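Here's the letter readout for the chains.
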Amino acid sequence: VVLQPFQVTEVPAQQTGLLQSFSIQEGEQVQAGQVLASLDARAVRHELRQAELEHELATLKVANEIHLRFTKKALEVAQAELARSNESTEQFAKSISKSQLDVERLTVEKLLLESEQAQHELKIEHFGQELKHNNLEMVQLRLDQHKLRAPFSGIVALVRGHAGEWVEVGRPVI
């Protein structure tokens, strides 16, 4: 005598929506993970496209380091100019006015702050990209949940819904 385990389970809807189609019939053999039925997912597909575009935009913003590179280069030039001015005043007293030296020091300090600000903004863009990536994955999950899949291999005993019928989350469909 050989005993075979027999599993019985209901397959509930994981999202609320309109039952669009069934890809199985009662008595049919199914494999684990096979799509049994689908809900209308047109709205979620649009959300997915928007999430993809937003993620792509965030990725482009993260890749844009032009402002950071510009401020670093401008800082190098300002520091070199200040160093030349300091050398000049050491060799020839009063060749450059104190107010001009103050302006050059201020320019260096300003560019240091701008460089820090550019690095900070880039860090914020990285977090924005992570948020958009997370949102993209959530929408992909919601889209996948519009498909009712077989939790294990077996035979479909009962189909409880019909195409065009509205279902709520948790309501058994198969």
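For the structure itself, look to the data block above.
Values in this document were obtained by computation on a predicted structure and should not be read as measured data.

A. Here's a closer look at the packing of helix α1 (residues 42-63) against helix α3 (residues 98-144). In the contact formed by α1 and α3, the axes pass within 8 Å of each other and the chain directions differ by 160°. Considering their axes alone, α1 and α3 lie roughly antiparallel with respect to each other. Both α1 and α3 take part in a crossing whose hand is left-handed. For the contact of α1 with α3, the per-class residue count stands at nine nonpolar, eight polar and eight charged.

B. Just the pairing of strand β3 (residues 35-39), in detail. Most of β3 is tucked away: four of the five residues are buried. As defined by bridge partners, strand β1 (residues 17-22) adjoins β3 across three bridges and the pair is classed as antiparallel. Residue pairing in the sheet places Phe22 in a bridge with Ala37 of β3. Inspection of the sheet shows β3 paired to strand β4 (residues 147-149) by three bridges, in the antiparallel sense. Among the inter-strand pairings, Ala37 is bridged to a residue of β4, identified as Leu148.

C. Representation of the pairing of β1 in the model. Two elements, β1 and strand β6 (residues 166-167), share two bridges in a ladder whose sense is antiparallel. Paired with Gly17 across the two strands is Val167, which belongs to β6.

The rules behind each value
Residues numbered from 1 in each chain as written. Predicted model: local features only at pLDDT ≥ 70, side-chain atom pairs only at ≥ 80, totals over all residues. Heavy atoms only, no water. Axes fitted to C-alpha atoms, helices over the stretch in contact; angles between N-to-C directions. Helix = DSSP H or I, 4+ residues; strand = E, 2+ residues; numbered from the N terminus. Parallel < 35°, antiparallel > 145°, perpendicular 65-115°, else oblique. Left-handed = near helix turned anticlockwise from the far one by under 90°. Nonpolar A, V, L, I, M, F, W, Y, C, P; charged D, E, K, R; others polar. Buried < 20%, exposed > 50% of the residue type's maximum accessible area, 1.4 Å probe, protein only. Pairing = 2+ DSSP bridges.

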